[in-house]
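Per-entry structural report
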Amino acid sequence: MRRAVCPGSFDPITNGHLDIIARASRLYDEVWVAVMINKSKKGLFEIEERIELIREVTADFANVRVEAFHGLLVDFCKQRDIPAIVKGLRAVSDFDYELQMAQMNNGLTGVETLFVPTNPTYSFLSSSLVKEVAAWGGDVSHLVPPQVLDALNERLHKG
């Protein structure tokens, strides 16, 4: 069985993330979405909320599994016999950082990283940017799935 992981903080998941996950799900028999737990960073959504949103928006992909992880991604991969990491690249600036990570991961355990160029429609998109625009009342409905838009509006505009 061909397995891969799509890692990230997904705070929140965007259409750009979803595009990469969908494309990976067509290439692999099983795709894990690993939601990073970073205790030193306070996210807008709790880990459980992120996982639930990701499960909702990936429900149409029968081969996608979602789970939180803490620690080294290569340990997550090793525990689940996952030989490949799939990462989306938006720009050259992403590549510099991601190449270092890929080489480190490969050196640690032999896990390969596959870079997928982001759909140009989402080349500027990040969770941070979505949160900032949404917090100021901007329209992000074209950048996130409807469930995420509802959750963002509820969280940011409670009263």
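A brief look at the structure comes next. (Residues numbered from 1 in each chain as written. Predicted model: local features only at pLDDT ≥ 70, side-chain atom pairs only at ≥ 80, totals over all residues. Heavy atoms only, no water.)

Turning our attention to the packing of helix α2 (residues 47-57) against helix α6 (residues 146-156). Following both chains from N to C, one finds α2 and α6 inclined at 150°, their axes separated by 9 Å at the closest point. In this view, α2 runs roughly antiparallel relative to α6, as classed from their interaxial angle. Here α2 contributes E49, L53, E56 and V57 to the contact with α6, which in turn contributes Q147, V148, A151 and R155. (Axes fitted to C-alpha atoms, helices over the stretch in contact; angles between N-to-C directions. Helix = DSSP H or I, 4+ residues; strand = E, 2+ residues; numbered from the N terminus. Parallel < 35°, antiparallel > 145°, perpendicular 65-115°, else oblique. Contact = heavy atoms within 4.5 Å.)

For the rest of this paragraph, the subject is the pairing of strand β3 (residues 64-69). Judged from the six bridges that link them, strand β2 (residues 30-36) and β3 form a sheet pairing that is parallel. Considered in β3, the bridge of V33 is made with V66. This β-α-β element, β2 to α2 to β3, shows right-handed connectivity. (Pairing = 2+ DSSP bridges. Right-handed = clockwise from strand over helix to strand, strands pointing away.)

What follows is about helix α5 (residues 127-135). Buried within α5 we find S127, V130 and A134. For α5, the buried positions fall inside an angular range of 60° around the axis, keeping them on one side. Of the surrounding elements, those touching the buried residues of α5 are α1 (15-27) and α6. Looking at the residues trailing α5, positive phi occurs at G137, about 85°. (Buried < 20%, exposed > 50% of the residue type's maximum accessible area, 1.4 Å probe, protein only. Arc of directions from axis to C-beta.)

These results come straight from atomic positions and should not be treated as a statement about function.
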